[in-house]
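Observations on chain architecture
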Amino acid sequence: MTDNPPAGASDRDRHLHVRLSDDRTSIYDLVTEYLQAAGKAPDWYWRTAGRLEGTEADNFEEILSSAFEAGAFIAHDHPEDIEFRWVTEEECERERRREERGEQREAAKKERTSLSHYA
């Protein structure tokens, strides 16, 4: 399921980008689908995530736990929607600069607020 680091590349020199493979795919729709399938309340989740502050430890744990579970759900039920890339810091920086110049501005905004993360 996960992409392996390229041959000759040290694991220490690369980190994993997890992204949606299609910029028309909405992470919000996929997470909402997971929440509904898991019997959780999407409205509560999104309202809580939208106003979450560091002082709400119980809600924060639930949000993180649900997000992690949603990631596993998406990877299992929608593997075609996820792209795994091992990148170097230089590749990562080039991608950020390209996004900031506007070449991928809308996609970048969507990606930053979606499942995109660095491992």
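None of these values were measured; they are calculated from a predicted model.

What counts and how
- Here the residue numbers are simple positions, counted from 1 along each chain's written sequence.
- With pLDDT at 70 or above as the cut-off, local features in this predicted model cover only qualifying residues; side-chain atom pairs require 80 or more to be listed or tallied, and sums for whole chains, interfaces and linings still use all residues.
- Processing note: side-chain calculations cover all non-hydrogen atoms of the structure and skip hydrogens and water entirely.
- Runs of H or I in DSSP of at least four residues are treated as helices and runs of E of at least two as strands, each being numbered from the N terminus.
- Any two residues whose heavy atoms approach within 4.5 Å are treated as being in contact.
- Reported accessibility uses the Shrake-Rupley method at a 1.4 Å probe radius. Residues are deemed covered only where the shown protein chains occlude them.
- Only the six-membered ring of Trp is used, alongside the rings of Phe and Tyr, when aromatic pairs are assigned; centres must lie within 6.5 Å, and planes under 30 degrees apart are stacked while those over 60 apart are edge-to-face, with the rest tilted.
- Any carboxyl oxygen of Asp or Glu that lies within 4 Å of a side-chain nitrogen of Lys or Arg is treated as forming a salt bridge with it.
- Note on exposure labels: buried denotes an accessible area under 20% of the residue type's maximum, exposed denotes more than 50%, and partly exposed covers the range between, all computed with a 1.4 Å probe on protein chains only.
- One fewer than the residue count of a helix, multiplied by 1.5 Å, yields its expected span.
- Arc definition: it is the arc formed by the directions from the helix axis to the C-beta atoms.
- If DSSP finds at least two bridges between two strands, the strands pair.
- What pLDDT conveys is the predictor's confidence in a given residue, as a value from 0 to 100.

Scanning the protein from terminus to terminus reveals five helices and three strands. Taken from N to C terminus, the helices and strands of the protein fall in the order β-α-α-α-β-α-α-β. Contacts in the protein between residues far apart in sequence, at least 24 positions, make up 70% of those at least 6 positions apart. Carbon together with sulfur atoms contributes 49% to the accessible area of the protein, which is approximately 7900 Å² in total.

Turning next to the packing of aromatic side chains. Across all of its chains, the model carries three aromatic pairs by this definition. Here the aromatic rings of Tyr-45 and Trp-46 are separated by 5.0 Å at their centres, their planes lie at 85°, and the arrangement is edge-to-face. Among the aromatic residues, those joined into a cluster by ring pairs are Tyr-28, Tyr-45 and Trp-46.

Going through the model one piece at a time under the given rule, you end up with five salt bridges. Between Glu-93 and Arg-96 there is a salt bridge, with its nearest N and O atoms 3.4 Å apart. With a gap of three residues between them, Glu-93 and Arg-96 both fall in helix H4 (residues 89–100), about one helical turn apart. Note on Glu-93: relative accessible area 34%, which makes it partly exposed.

Think of an α-helix as 3.6 residues a turn; residues three or four steps apart then line up on the same face. For H4, spanning twelve residues, the distance from its first C-alpha to its last is 16 Å, which sits close to the expected 16 Å at 1.5 Å a residue. Where H4 is concerned, the buried positions are Cys-92, Glu-95 and Glu-99. Seen along its axis, H4 keeps its buried residues to an arc of 65°; they face one direction.

With that out of the way, let us pick up the side chain of Ser-66. Inspection of the secondary structure puts Ser-66 in helix H3 (residues 57–77). Setting aside chain neighbours within four positions, we find Ser-66 in contact with Tyr-34, Leu-35, Lys-40 and Tyr-45.

Along the chain, His-78 falls in the loop between H3 and strand E2 (82–88). Setting aside residues up to four positions removed in sequence, His-78 forms contacts with Leu-30, Glu-33 and Phe-73.

What follows deals with helix H1 (residues 27–37). Listing the buried residues of H1 in full gives Ile-27, Leu-30, Val-31, Tyr-34 and Leu-35. For H1, the angular spread of the buried residues around the axis is 140°, confining them to a single face. With respect to the buried face of H1, the exposed residues turned more than 90 degrees away are Asp-29, Gln-36 and Ala-37. Residue Gly-39 follows H1 closely and has a positive phi angle near 75°.

The next subject is the pairing of strand E1 (residues 14–20). For E1, a buried count of seven out of seven residues is recorded, marking the element as mostly surrounded by other parts of the structure. Note: E1 against E2, seven bridges, orientation antiparallel. Its bridge partner lying in E2, His-15 is registered against Val-87.

On to the confidence of the model for the protein. Here the protein shows a mean pLDDT of 75. Residues at 70 or above account for 70%. Segment residues 111–119 is flagged for pLDDT under 50; beyond a separation of four residues in sequence, or across chains, it makes 25 contacts in the model.

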